[in-house]
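One-letter residues, chain by chain:
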Amino acid sequence: MNTSSPDSIRPIYLNGEWRTSSPALEVINPSTGEVFAQVSTIDREGTRQAIADADAAWQGWRDLTGKERGAYLHAIADGIEKRADEIAHTISLENGKPLAQGKGEVGMTVDHFRWFAEEARRTYGRVIPHQMPGKRHLVIRQSVGVVGAIAPWNFPLVLAVRKVAPALAAGCPVLLKPASATPLSSLLLAEAVHEAGLPKGVFQLLIGKAREIGAELMENPACRKITFTGSTEVGRELIRQSADQVKKLSMELGGHAPLIIFDDANLDTAIEGALITKFRNGGQSCIASNRIYVQAGIYEKFLEAFVKKTQALKIGDGLTDGIDIGPLIDSAAVDTALKHIEAATASGARLLCGGKRPEGFNDSFLEATVLADVPEDTLCMNEETFAPVAPVSVFDHEDEVIQRANDTDYGLAAYVFTENLNRAWRVAEALEAGTVGVNDAVPSTSQCPFGGIKQSGLGRELGSEGIDGFLESKHISFGGIG
Ligand code: NAP
(Lines give C-alpha, C1' and ligand atoms only; values in the text may rest on other atoms or scores of the structure.)
Protein backbone atom coordinates (compact mmCIF):
# COMPACT_ATOMS: atom_id res chain seq x y z
CA MET A 1 0.00 0.00 0.00
CA ASN A 2 1.29 3.44 -0.88
CA THR A 3 1.23 5.57 2.26
CA SER A 4 3.18 8.44 0.77
CA SER A 5 0.35 10.45 -0.80
CA PRO A 6 -1.94 12.04 1.79
CA ASP A 7 -4.35 13.29 -0.90
CA SER A 8 -5.76 10.06 -2.27
CA ILE A 9 -8.49 8.44 -0.18
CA ARG A 10 -7.79 4.79 0.49
CA PRO A 11 -10.75 2.46 -0.06
CA ILE A 12 -12.34 0.38 2.69
CA TYR A 13 -12.77 -3.42 2.34
CA LEU A 14 -16.40 -4.51 2.28
CA ASN A 15 -18.01 -7.73 1.02
CA GLY A 16 -14.94 -8.72 -1.00
CA GLU A 17 -14.56 -5.32 -2.67
CA TRP A 18 -12.54 -2.14 -2.19
CA ARG A 19 -14.89 0.84 -1.92
CA THR A 20 -14.05 4.51 -1.70
CA SER A 21 -16.48 6.53 0.38
CA SER A 22 -16.62 9.70 2.41
CA PRO A 23 -16.12 11.45 4.72
CA ALA A 24 -12.47 10.47 4.80
CA LEU A 25 -10.68 9.76 8.06
CA GLU A 26 -7.33 11.53 8.34
CA VAL A 27 -4.43 9.50 9.71
CA ILE A 28 -1.77 11.40 11.63
CA ASN A 29 1.85 10.39 12.17
CA PRO A 30 2.33 11.14 15.89
CA SER A 31 6.08 11.56 15.37
CA THR A 32 5.55 14.55 13.07
CA GLY A 33 1.97 15.61 13.73
CA GLU A 34 1.31 15.48 9.98
CA VAL A 35 -1.63 13.93 8.17
CA PHE A 36 -0.08 11.32 5.91
CA ALA A 37 -3.07 9.31 4.73
CA GLN A 38 -6.85 9.42 4.31
CA VAL A 39 -9.13 6.44 4.61
CA SER A 40 -12.73 5.84 3.53
CA THR A 41 -15.31 5.44 6.26
CA ILE A 42 -18.78 3.97 6.61
CA ASP A 43 -21.79 5.04 8.64
CA ARG A 44 -24.48 3.12 10.51
CA GLU A 45 -26.31 2.19 7.30
CA GLY A 46 -23.05 0.83 5.85
CA THR A 47 -22.47 -1.16 9.02
CA ARG A 48 -25.97 -2.65 8.75
CA GLN A 49 -25.23 -3.76 5.17
CA ALA A 50 -21.85 -5.22 6.22
CA ILE A 51 -23.55 -7.25 8.95
CA ALA A 52 -26.12 -8.54 6.43
CA ASP A 53 -23.33 -9.51 4.00
CA ALA A 54 -21.40 -11.23 6.77
CA ASP A 55 -24.51 -13.11 7.83
CA ALA A 56 -25.02 -14.26 4.24
CA ALA A 57 -21.42 -15.51 4.16
CA TRP A 58 -21.70 -17.43 7.43
CA GLN A 59 -23.24 -20.67 6.11
CA GLY A 60 -20.58 -21.21 3.44
CA TRP A 61 -17.73 -20.37 5.79
CA ARG A 62 -18.86 -22.59 8.66
CA ASP A 63 -19.52 -25.48 6.28
CA LEU A 64 -15.84 -25.64 5.35
CA THR A 65 -13.76 -28.10 7.35
CA GLY A 66 -11.41 -26.75 9.98
CA LYS A 67 -8.53 -27.85 7.78
CA GLU A 68 -9.86 -25.80 4.86
CA ARG A 69 -10.35 -22.69 7.00
CA GLY A 70 -6.89 -23.27 8.47
CA ALA A 71 -5.41 -23.26 4.96
CA TYR A 72 -6.92 -19.81 4.39
CA LEU A 73 -5.39 -18.59 7.66
CA HIS A 74 -1.98 -19.92 6.65
CA ALA A 75 -2.35 -18.11 3.32
CA ILE A 76 -3.11 -14.84 5.17
CA ALA A 77 -0.03 -15.42 7.35
CA ASP A 78 2.07 -15.99 4.19
CA GLY A 79 0.80 -12.70 2.73
CA ILE A 80 1.65 -10.78 5.89
CA GLU A 81 5.07 -12.42 6.14
CA LYS A 82 5.84 -11.47 2.53
CA ARG A 83 5.12 -7.80 3.27
CA ALA A 84 6.44 -7.76 6.84
CA ASP A 85 8.75 -4.75 6.38
CA GLU A 86 6.08 -2.62 4.72
CA ILE A 87 3.50 -3.49 7.38
CA ALA A 88 5.94 -2.79 10.24
CA HIS A 89 6.74 0.57 8.63
CA THR A 90 3.03 1.40 8.45
CA ILE A 91 2.46 0.45 12.11
CA SER A 92 5.34 2.73 13.04
CA LEU A 93 3.98 5.58 10.92
CA GLU A 94 0.45 5.53 12.31
CA ASN A 95 1.28 4.58 15.91
CA GLY A 96 4.74 6.11 16.37
CA LYS A 97 6.38 3.01 17.86
CA PRO A 98 10.02 2.17 17.08
CA LEU A 99 10.30 0.22 13.82
CA ALA A 100 11.93 -2.76 15.56
CA GLN A 101 8.85 -3.05 17.79
CA GLY A 102 6.60 -2.78 14.72
CA LYS A 103 8.55 -5.70 13.22
CA GLY A 104 8.05 -7.66 16.44
CA GLU A 105 4.32 -6.99 16.22
CA VAL A 106 4.17 -8.31 12.65
CA GLY A 107 6.11 -11.45 13.65
CA MET A 108 3.68 -12.16 16.48
CA THR A 109 0.72 -11.54 14.15
CA VAL A 110 1.98 -14.19 11.72
CA ASP A 111 2.43 -16.63 14.61
CA HIS A 112 -1.13 -15.98 15.86
CA PHE A 113 -2.55 -16.76 12.40
CA ARG A 114 -0.53 -19.97 12.20
CA TRP A 115 -1.53 -21.02 15.72
CA PHE A 116 -5.24 -20.57 15.02
CA ALA A 117 -4.90 -22.13 11.54
CA GLU A 118 -4.00 -25.31 13.42
CA GLU A 119 -6.53 -24.80 16.24
CA ALA A 120 -9.27 -24.76 13.56
CA ARG A 121 -8.77 -28.53 13.33
CA ARG A 122 -9.04 -29.07 17.09
CA THR A 123 -12.46 -27.74 18.05
CA TYR A 124 -13.20 -31.07 19.65
CA GLY A 125 -16.55 -32.08 21.09
CA ARG A 126 -17.18 -34.87 23.63
CA VAL A 127 -19.02 -38.14 23.96
CA ILE A 128 -20.49 -38.29 27.47
CA PRO A 129 -21.35 -41.58 29.23
CA HIS A 130 -25.12 -42.03 29.58
CA GLN A 131 -26.97 -42.58 32.88
CA MET A 132 -30.19 -44.03 31.42
CA PRO A 133 -30.39 -47.18 29.28
CA GLY A 134 -31.01 -46.42 25.62
CA LYS A 135 -29.57 -42.91 25.80
CA ARG A 136 -26.42 -41.53 24.20
CA HIS A 137 -25.02 -38.00 24.64
CA LEU A 138 -22.60 -36.02 22.64
CA VAL A 139 -21.47 -32.41 22.56
CA ILE A 140 -20.48 -30.66 19.34
CA ARG A 141 -19.05 -27.17 19.03
CA GLN A 142 -20.37 -24.78 16.41
CA SER A 143 -19.49 -21.27 15.33
CA VAL A 144 -21.25 -18.42 17.16
CA GLY A 145 -22.05 -16.43 14.00
CA VAL A 146 -21.18 -12.91 12.86
CA VAL A 147 -18.56 -11.30 15.11
CA GLY A 148 -17.95 -7.59 15.65
CA ALA A 149 -14.29 -7.13 16.64
CA ILE A 150 -13.31 -3.74 18.09
CA ALA A 151 -9.57 -3.07 18.40
CA PRO A 152 -7.36 -0.39 20.02
CA TRP A 153 -4.49 1.67 18.57
CA ASN A 154 -1.60 0.63 20.81
CA PHE A 155 -0.86 -2.66 19.01
CA PRO A 156 -3.06 -1.97 15.99
CA LEU A 157 -2.36 -5.19 14.08
CA VAL A 158 -1.63 -7.93 16.56
CA LEU A 159 -4.49 -7.16 18.97
CA ALA A 160 -6.96 -7.11 16.07
CA VAL A 161 -5.63 -10.47 14.92
CA ARG A 162 -6.11 -12.04 18.36
CA LYS A 163 -9.81 -11.69 17.52
CA VAL A 164 -9.88 -12.09 13.75
CA ALA A 165 -7.79 -15.29 13.56
CA PRO A 166 -9.73 -17.39 16.11
CA ALA A 167 -13.09 -16.11 14.86
CA LEU A 168 -12.26 -17.13 11.28
CA ALA A 169 -10.82 -20.44 12.49
CA ALA A 170 -14.04 -21.20 14.37
CA GLY A 171 -16.19 -20.52 11.28
CA CYS A 172 -17.38 -17.00 12.13
CA PRO A 173 -17.43 -14.08 9.66
CA VAL A 174 -15.70 -11.05 11.23
CA LEU A 175 -16.29 -7.31 11.00
CA LEU A 176 -13.16 -5.53 12.25
CA LYS A 177 -13.46 -2.01 13.64
CA PRO A 178 -9.89 -0.68 14.09
CA ALA A 179 -9.16 2.36 16.24
CA SER A 180 -9.61 5.61 14.30
CA ALA A 181 -6.00 6.62 15.04
CA THR A 182 -4.58 3.48 13.37
CA PRO A 183 -6.72 2.14 10.51
CA LEU A 184 -3.89 1.53 8.03
CA SER A 185 -2.50 -1.71 9.45
CA SER A 186 -6.02 -3.13 9.23
CA LEU A 187 -6.19 -2.12 5.57
CA LEU A 188 -2.97 -4.06 4.99
CA LEU A 189 -4.47 -7.01 6.85
CA ALA A 190 -7.52 -6.75 4.55
CA GLU A 191 -5.19 -6.84 1.53
CA ALA A 192 -3.64 -10.07 2.82
CA VAL A 193 -7.13 -11.51 3.40
CA HIS A 194 -8.21 -10.51 -0.11
CA GLU A 195 -5.10 -12.03 -1.68
CA ALA A 196 -5.65 -15.23 0.29
CA GLY A 197 -8.99 -15.51 -1.54
CA LEU A 198 -11.40 -15.68 1.40
CA PRO A 199 -15.03 -15.76 0.26
CA LYS A 200 -16.71 -12.35 0.14
CA GLY A 201 -18.27 -11.12 3.36
CA VAL A 202 -16.17 -13.35 5.62
CA PHE A 203 -13.84 -10.52 6.62
CA GLN A 204 -14.78 -6.83 6.36
CA LEU A 205 -13.59 -3.54 7.76
CA LEU A 206 -15.71 -1.03 9.66
CA ILE A 207 -13.89 2.29 9.77
CA GLY A 208 -15.78 5.34 10.97
CA LYS A 209 -17.45 6.85 14.00
CA ALA A 210 -17.12 4.42 16.90
CA ARG A 211 -20.48 5.25 18.45
CA GLU A 212 -22.44 4.77 15.20
CA ILE A 213 -20.70 1.55 14.26
CA GLY A 214 -20.81 0.31 17.86
CA ALA A 215 -24.54 1.02 18.19
CA GLU A 216 -25.36 -1.00 15.04
CA LEU A 217 -23.16 -3.92 16.12
CA MET A 218 -24.86 -3.91 19.52
CA GLU A 219 -28.45 -3.49 18.33
CA ASN A 220 -28.43 -5.67 15.20
CA PRO A 221 -29.45 -9.21 16.19
CA ALA A 222 -27.53 -10.70 13.24
CA CYS A 223 -24.29 -9.65 14.95
CA ARG A 224 -24.06 -12.46 17.49
CA LYS A 225 -20.90 -11.57 19.37
CA ILE A 226 -18.72 -8.61 20.26
CA THR A 227 -15.06 -8.99 21.08
CA PHE A 228 -13.53 -5.77 22.34
CA THR A 229 -10.04 -4.62 23.35
CA GLY A 230 -9.78 -1.15 24.81
CA SER A 231 -10.37 0.90 27.89
CA THR A 232 -12.37 -0.37 30.86
CA GLU A 233 -14.56 2.73 30.53
CA VAL A 234 -15.74 1.89 26.98
CA GLY A 235 -15.87 -1.81 27.91
CA ARG A 236 -18.35 -1.05 30.69
CA GLU A 237 -20.52 0.94 28.25
CA LEU A 238 -20.58 -1.97 25.80
CA ILE A 239 -21.45 -4.42 28.59
CA ARG A 240 -24.42 -2.21 29.50
CA GLN A 241 -25.52 -1.99 25.85
CA SER A 242 -25.26 -5.76 25.43
CA ALA A 243 -27.96 -6.41 28.05
CA ASP A 244 -30.96 -5.85 25.77
CA GLN A 245 -30.04 -8.68 23.41
CA VAL A 246 -27.94 -10.70 25.84
CA LYS A 247 -25.17 -10.27 23.26
CA LYS A 248 -22.15 -12.51 23.78
CA LEU A 249 -19.08 -10.58 24.85
CA SER A 250 -15.34 -10.97 25.25
CA MET A 251 -13.58 -8.03 26.87
CA GLU A 252 -9.85 -7.26 27.01
CA LEU A 253 -9.74 -4.13 29.13
CA GLY A 254 -7.31 -1.93 31.01
CA GLY A 255 -4.47 -3.08 33.22
CA HIS A 256 -2.45 -1.76 36.14
CA ALA A 257 0.33 -4.31 36.45
CA PRO A 258 2.50 -4.47 39.56
CA LEU A 259 6.15 -5.47 39.12
CA ILE A 260 7.69 -6.84 42.31
CA ILE A 261 11.43 -7.19 42.86
CA PHE A 262 12.59 -9.11 45.94
CA ASP A 263 15.98 -8.72 47.64
CA ASP A 264 16.92 -12.17 46.35
CA ALA A 265 16.29 -11.32 42.68
CA ASN A 266 18.98 -11.32 40.02
CA LEU A 267 19.21 -7.53 39.89
CA ASP A 268 20.36 -7.30 36.27
CA THR A 269 17.46 -9.48 35.10
CA ALA A 270 15.03 -7.47 37.22
CA ILE A 271 16.24 -4.12 35.89
CA GLU A 272 16.05 -5.37 32.32
CA GLY A 273 12.53 -6.66 33.05
CA ALA A 274 11.45 -3.34 34.53
CA LEU A 275 12.81 -1.47 31.49
CA ILE A 276 11.02 -3.72 29.00
CA THR A 277 7.69 -3.91 30.81
CA LYS A 278 7.65 -0.18 31.48
CA PHE A 279 9.06 1.42 28.34
CA ARG A 280 8.12 -0.95 25.49
CA ASN A 281 5.70 0.89 23.19
CA GLY A 282 6.38 4.01 25.28
CA GLY A 283 4.47 2.47 28.20
CA GLN A 284 1.29 2.32 26.09
CA SER A 285 0.62 -1.32 26.76
CA CYS A 286 -2.16 -2.90 28.78
CA ILE A 287 0.41 -5.19 30.41
CA ALA A 288 2.95 -2.40 31.06
CA SER A 289 4.24 -2.40 34.63
CA ASN A 290 2.43 0.55 36.15
CA ARG A 291 3.73 0.17 39.71
CA ILE A 292 7.21 -1.06 40.59
CA TYR A 293 7.68 -2.41 44.13
CA VAL A 294 11.26 -3.02 45.27
CA GLN A 295 12.26 -4.67 48.56
CA ALA A 296 14.09 -2.44 51.03
CA GLY A 297 17.46 -4.27 50.90
CA ILE A 298 18.07 -3.42 47.21
CA TYR A 299 15.85 -0.33 46.84
CA GLU A 300 18.52 2.39 46.46
CA LYS A 301 20.81 0.13 44.41
CA PHE A 302 17.92 -0.63 42.04
CA LEU A 303 16.98 3.03 41.69
CA GLU A 304 20.52 4.10 40.85
CA ALA A 305 20.95 1.48 38.11
CA PHE A 306 17.38 1.81 36.78
CA VAL A 307 17.61 5.59 36.43
CA LYS A 308 20.95 5.32 34.64
CA LYS A 309 19.50 2.88 32.09
CA THR A 310 16.32 4.93 31.71
CA GLN A 311 18.31 8.06 30.94
CA ALA A 312 20.17 6.14 28.23
CA LEU A 313 16.94 5.34 26.33
CA LYS A 314 16.78 7.19 23.02
CA ILE A 315 13.64 9.16 22.23
CA GLY A 316 12.66 10.01 18.67
CA ASP A 317 10.67 9.39 15.51
CA GLY A 318 9.79 5.70 15.43
CA LEU A 319 11.38 5.35 12.01
CA THR A 320 14.79 6.66 13.11
CA ASP A 321 17.39 3.96 13.67
CA GLY A 322 18.22 3.03 17.25
CA ILE A 323 15.17 4.65 18.85
CA ASP A 324 13.85 3.11 22.07
CA ILE A 325 10.83 5.33 22.73
CA GLY A 326 8.66 7.05 20.14
CA PRO A 327 5.93 9.62 20.70
CA LEU A 328 2.75 8.89 22.63
CA ILE A 329 -0.35 8.55 20.47
CA ASP A 330 -1.17 12.25 20.83
CA SER A 331 -0.50 15.34 22.89
CA ALA A 332 -3.51 14.67 25.19
CA ALA A 333 -1.86 11.41 26.29
CA VAL A 334 1.20 13.41 27.38
CA ASP A 335 -1.04 15.85 29.29
CA THR A 336 -2.59 12.92 31.21
CA ALA A 337 0.85 11.51 32.05
CA LEU A 338 2.08 14.93 33.24
CA LYS A 339 -0.94 15.12 35.57
CA HIS A 340 0.02 11.75 37.04
CA ILE A 341 3.62 12.95 37.53
CA GLU A 342 2.53 16.23 39.14
CA ALA A 343 0.12 14.46 41.49
CA ALA A 344 2.90 12.07 42.55
CA THR A 345 5.48 14.78 43.27
CA ALA A 346 2.84 16.88 45.06
CA SER A 347 2.22 13.95 47.38
CA GLY A 348 5.90 13.49 48.20
CA ALA A 349 7.38 11.36 45.40
CA ARG A 350 10.94 12.12 44.26
CA LEU A 351 11.35 12.85 40.53
CA LEU A 352 14.61 11.09 39.58
CA CYS A 353 14.57 11.71 35.82
CA GLY A 354 12.30 12.92 33.02
CA GLY A 355 9.01 14.50 34.01
CA LYS A 356 8.59 16.84 31.04
CA ARG A 357 8.23 17.11 27.28
CA PRO A 358 11.69 16.84 25.67
CA GLU A 359 13.07 19.80 23.76
CA GLY A 360 13.20 19.62 19.96
CA PHE A 361 10.15 17.35 19.57
CA ASN A 362 6.44 17.95 19.09
CA ASP A 363 3.90 17.89 21.95
CA SER A 364 3.31 14.13 21.69
CA PHE A 365 6.68 13.21 23.21
CA LEU A 366 7.46 12.70 26.89
CA GLU A 367 10.83 12.06 28.53
CA ALA A 368 11.20 8.62 30.12
CA THR A 369 10.39 9.31 33.75
CA VAL A 370 11.28 7.63 37.04
CA LEU A 371 9.58 8.53 40.32
CA ALA A 372 10.69 7.13 43.69
CA ASP A 373 8.98 6.83 47.11
CA VAL A 374 5.62 7.09 45.40
CA PRO A 375 2.75 6.99 47.94
CA GLU A 376 0.14 4.31 47.41
CA ASP A 377 -2.79 6.72 47.26
CA THR A 378 -1.56 8.88 44.38
CA LEU A 379 -3.05 8.81 40.85
CA CYS A 380 -0.36 6.78 39.07
CA MET A 381 -0.56 4.01 41.71
CA ASN A 382 -4.29 3.66 41.09
CA GLU A 383 -4.91 4.38 37.40
CA GLU A 384 -3.33 3.28 34.14
CA THR A 385 -0.74 5.94 33.15
CA PHE A 386 -0.22 4.56 29.60
CA ALA A 387 3.04 6.48 29.21
CA PRO A 388 6.79 6.06 29.90
CA VAL A 389 6.41 6.87 33.59
CA ALA A 390 7.84 4.44 36.17
CA PRO A 391 6.60 4.94 39.75
CA VAL A 392 8.80 3.02 42.20
CA SER A 393 7.91 2.26 45.80
CA VAL A 394 9.68 0.36 48.59
CA PHE A 395 8.31 -2.63 50.54
CA ASP A 396 9.51 -4.76 53.46
CA HIS A 397 7.57 -8.04 53.53
CA GLU A 398 6.12 -10.51 51.04
CA ASP A 399 2.60 -10.43 52.54
CA GLU A 400 2.59 -6.66 52.50
CA VAL A 401 3.56 -6.39 48.83
CA ILE A 402 1.01 -9.01 47.74
CA GLN A 403 -1.69 -7.06 49.51
CA ARG A 404 -0.57 -3.79 47.87
CA ALA A 405 -0.24 -5.42 44.42
CA ASN A 406 -3.77 -6.86 44.60
CA ASP A 407 -5.38 -3.72 45.95
CA THR A 408 -6.80 -2.64 42.58
CA ASP A 409 -9.88 -3.25 40.43
CA TYR A 410 -7.59 -4.37 37.59
CA GLY A 411 -6.06 -7.82 37.15
CA LEU A 412 -4.44 -8.24 33.74
CA ALA A 413 -0.73 -8.89 34.32
CA ALA A 414 1.81 -8.95 37.15
CA TYR A 415 5.55 -9.56 37.31
CA VAL A 416 7.75 -11.05 40.04
CA PHE A 417 11.52 -11.15 40.18
CA THR A 418 13.05 -13.57 42.70
CA GLU A 419 15.55 -16.43 42.65
CA ASN A 420 13.69 -18.24 45.46
CA LEU A 421 11.60 -21.01 43.92
CA ASN A 422 9.19 -21.36 46.84
CA ARG A 423 8.56 -17.65 46.88
CA ALA A 424 8.07 -17.59 43.10
CA TRP A 425 5.28 -20.19 43.37
CA ARG A 426 3.65 -18.60 46.41
CA VAL A 427 3.61 -15.09 44.98
CA ALA A 428 2.57 -16.17 41.46
CA GLU A 429 -0.38 -18.06 42.92
CA ALA A 430 -1.36 -15.17 45.22
CA LEU A 431 -1.30 -12.39 42.62
CA GLU A 432 -4.70 -11.56 41.17
CA ALA A 433 -3.83 -11.34 37.47
CA GLY A 434 -4.57 -13.25 34.27
CA THR A 435 -0.85 -13.49 33.47
CA VAL A 436 2.09 -13.57 35.88
CA GLY A 437 5.63 -13.27 34.54
CA VAL A 438 8.17 -14.83 36.93
CA ASN A 439 11.59 -13.45 35.99
CA ASP A 440 9.92 -12.91 32.60
CA ALA A 441 9.10 -9.52 31.09
CA VAL A 442 7.49 -10.83 27.90
CA PRO A 443 5.11 -13.62 28.91
CA SER A 444 2.56 -13.30 26.05
CA THR A 445 2.74 -15.96 23.38
CA SER A 446 0.34 -17.50 20.84
CA GLN A 447 -0.07 -20.82 22.64
CA CYS A 448 -0.96 -19.51 26.13
CA PRO A 449 -4.17 -17.82 27.27
CA PHE A 450 -4.21 -14.06 27.72
CA GLY A 451 -6.83 -11.97 29.49
CA GLY A 452 -7.86 -10.25 32.65
CA ILE A 453 -9.60 -10.96 35.92
CA LYS A 454 -11.63 -8.46 37.96
CA GLN A 455 -12.34 -5.35 35.83
CA SER A 456 -9.59 -6.17 33.32
CA GLY A 457 -11.91 -8.29 31.27
CA LEU A 458 -14.08 -11.26 30.41
CA GLY A 459 -12.80 -14.33 28.56
CA ARG A 460 -9.40 -15.22 27.17
CA GLU A 461 -7.58 -14.68 23.89
CA LEU A 462 -4.78 -16.89 22.49
CA GLY A 463 -3.96 -20.40 23.65
CA SER A 464 -6.42 -23.23 23.10
CA GLU A 465 -8.88 -21.08 25.11
CA GLY A 466 -8.68 -18.30 22.50
CA ILE A 467 -11.12 -19.98 20.13
CA ASP A 468 -13.68 -20.87 22.84
CA GLY A 469 -15.42 -17.50 22.76
CA PHE A 470 -16.33 -18.03 19.09
CA LEU A 471 -17.91 -21.45 19.61
CA GLU A 472 -21.18 -22.63 21.13
CA SER A 473 -21.44 -26.06 22.76
CA LYS A 474 -24.45 -28.05 21.60
CA HIS A 475 -25.63 -31.15 23.46
CA ILE A 476 -27.21 -33.78 21.19
CA SER A 477 -29.08 -36.48 23.07
CA PHE A 478 -30.13 -39.74 21.42
CA GLY A 479 -32.86 -41.89 22.92
CA GLY A 480 -34.17 -45.39 22.14
CA ILE A 481 -30.81 -46.91 21.31
CA GLY A 482 -30.14 -50.63 21.62
P1 NAP B 1 -10.71 2.91 23.72
O2 NAP B 1 -10.79 4.37 23.70
O3 NAP B 1 -11.57 2.15 24.64
O4 NAP B 1 -10.94 2.44 22.21
C5 NAP B 1 -10.82 1.09 21.80
C6 NAP B 1 -11.67 0.84 20.57
O7 NAP B 1 -13.04 1.04 20.92
C8 NAP B 1 -11.39 1.80 19.41
O9 NAP B 1 -11.55 1.11 18.20
C10 NAP B 1 -12.48 2.84 19.58
O11 NAP B 1 -12.80 3.50 18.37
C12 NAP B 1 -13.63 1.95 20.02
N13 NAP B 1 -14.70 2.67 20.72
C14 NAP B 1 -14.62 3.77 21.49
N15 NAP B 1 -15.84 4.11 21.96
C16 NAP B 1 -16.70 3.19 21.48
C17 NAP B 1 -18.11 2.99 21.60
N18 NAP B 1 -18.88 3.79 22.32
N19 NAP B 1 -18.67 1.92 20.96
C20 NAP B 1 -17.91 1.08 20.24
N21 NAP B 1 -16.58 1.23 20.07
C22 NAP B 1 -15.98 2.26 20.71
O23 NAP B 1 -9.24 2.38 24.06
P24 NAP B 1 -7.86 2.85 23.42
O25 NAP B 1 -7.55 4.19 23.95
O26 NAP B 1 -7.90 2.64 21.93
O27 NAP B 1 -6.86 1.75 24.01
C28 NAP B 1 -6.23 1.89 25.23
C29 NAP B 1 -6.92 1.06 26.29
O30 NAP B 1 -7.02 -0.28 25.84
C31 NAP B 1 -6.14 0.99 27.58
O32 NAP B 1 -7.02 1.07 28.66
C33 NAP B 1 -5.50 -0.39 27.52
O34 NAP B 1 -5.16 -0.94 28.76
C35 NAP B 1 -6.56 -1.16 26.85
N36 NAP B 1 -5.97 -2.35 26.24
C37 NAP B 1 -6.28 -3.58 26.75
C38 NAP B 1 -5.69 -4.71 26.22
C39 NAP B 1 -5.99 -6.07 26.74
O40 NAP B 1 -5.67 -7.03 26.06
N41 NAP B 1 -6.60 -6.24 27.90
C42 NAP B 1 -4.79 -4.59 25.17
C43 NAP B 1 -4.50 -3.31 24.69
C44 NAP B 1 -5.11 -2.20 25.22
P45 NAP B 1 -12.22 4.98 18.02
O46 NAP B 1 -10.75 4.82 17.97
O47 NAP B 1 -12.85 5.27 16.72
O48 NAP B 1 -12.67 5.87 19.14
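Conventions adopted
Residues numbered from 1 in each chain as written. Predicted model: local features only at pLDDT ≥ 70, side-chain atom pairs only at ≥ 80, totals over all residues. Heavy atoms only, no water. Near = heavy atom within 4 Å. Polar contact = N/O pair within 3.5 Å; in protein donor to acceptor, adjacent residues only side chain to side chain. Areas by Shrake-Rupley, 256 points an atom, 1.4 Å probe, with all protein chains shown as cover. 1 Å grid on protein atoms, 1.4 Å probe; cavity = no way out; pocket = protein on both sides within 12 Å on 5 of 7 lines; lining within 4 Å. Sits in = over half its atoms within 2 Å of the grid points. Helix = DSSP H or I, 4+ residues; strand = E, 2+ residues; numbered from the N terminus. Nonpolar A, V, L, I, M, F, W, Y, C, P; charged D, E, K, R; others polar. Domains from an automatic or database assignment. Points joined across faces, edges and corners; volume = space filled by probe spheres on them. Salt bridge = Lys/Arg side-chain N within 4 Å of Asp/Glu carboxyl O. Buried < 20%, exposed > 50% of the residue type's maximum accessible area, 1.4 Å probe, protein only. Pairing = 2+ DSSP bridges. Axes fitted to C-alpha atoms, helices over the stretch in contact; angles between N-to-C directions. Parallel < 35°, antiparallel > 145°, perpendicular 65-115°, else oblique. Left-handed = near helix turned anticlockwise from the far one by under 90°. Contact = heavy atoms within 4.5 Å.

Q: Describe the site of the ligand, listing the residues and the values that go with them.
A: In the vicinity of the ligand lie 29 residues, with Ala151, Ser180, Ser231, Leu253 and Glu384 positioned nearest. At a separation of 2.7 Å, an oxygen atom of the ligand approaches a polar backbone atom of Ala151. For the ligand, whose accessible area on its own is 910 Å², the fraction buried by protein is 87%. Mapping the ligand onto the cavity grids shows that it belongs to the largest pocket. Of all elements in the fold, only helix 7 (210-219), strand 11 (223-229) and helix 8 (232-242) reach the threshold of two or more residues within the shell around the ligand. When the residues that make up the shell around the ligand are grouped by side-chain class, the tally is 16 nonpolar, eight polar and five charged. In this structure, the shell around the ligand is formed jointly by two domains, domain 1 (9-253 + 456-475) and domain 2 (257-445), each of which donates at least three residues.

Q: Give me the lowdown on the layout of surface pockets, citing residues and values where you can.
A: The space that makes up the largest pocket amounts to roughly 1,300 Å³. As for the largest pocket, its lining consists of 44 residues, of which Trp153, Gly230, Ser231, Glu233 and Val234 are closest to the centre. Per-element tally for the lining of the largest pocket: the top contributor is helix 8, with seven residues. Looking at side-chain class alone, the lining of the largest pocket contains 20 nonpolar, 14 polar and 10 charged residues. Here the second largest pocket defines a volume of roughly 300 Å³.

Q: So, the pattern of salt bridges: which residues are in play, and what are the values?
A: Here the structure, examined in full by the defined rule, presents 27 salt bridges. Ionic pairing is found between Asp468 and Arg141, a salt bridge with its closest N-O pair at 2.7 Å. Taken together, the positions of Asp468 in the loop between strand 20 (457-458) and strand 21 (471-478) and Arg141 in strand 7 (residues 136-143) put the pair 327 residues apart, joining distant regions of the chain. Its relative accessible area of 34% is what places Asp468 among the partly exposed residues. The class for Arg141 is partly exposed, based on a relative accessible area of 25%. A salt bridge links Lys356 to Glu367, with the nearest nitrogen and oxygen atoms 2.8 Å apart. Of the two residues, Lys356 is situated in the loop between strand 15 (350-353) and strand 16 (369-372) and Glu367 in the loop between strand 15 and strand 16; the sequence distance between them amounts to 11 residues. Overall, Lys356 belongs to the partly exposed group, its relative accessible area being 46%. Residue classification places Glu367 among the buried residues on the basis of a relative accessible area of 18%.

Q: Talk me through the sheet that holds strand 9 (residues 174-177); I want residue IDs and the actual numbers.
A: With mixed pairing, six strands are arranged side by side in an open sheet as 10-9-8-11-12-20. Two strands bound the open sheet, and with one partner strand each, they are strand 10 (203-205) and strand 20. Sheet topology note: the strand 9/strand 10 ladder contains three bridges and is parallel. Paired with Val174 across the bridge in strand 10 is Phe203.

Q: Provide a residue-level description of the packing of helix 4 (residues 99-119) against helix 5 (residues 158-170), including the pertinent values.
A: Where helix 4 contacts helix 5, the two axes come as close as 9 Å, and the packing angle between them is 15°. By the angle between their axes, helix 4 is roughly parallel relative to helix 5. The handedness of the crossing between helix 4 and helix 5 is right-handed. Residues Glu105, Met108, Thr109, His112, Phe113 and Phe116 of helix 4 pack against Val158, Val161, Arg162, Val164, Ala165, Pro166 and Ala169 of helix 5. A breakdown of the residues in the contact of helix 4 with helix 5 according to their chemical character gives nine nonpolar, two polar and two charged.

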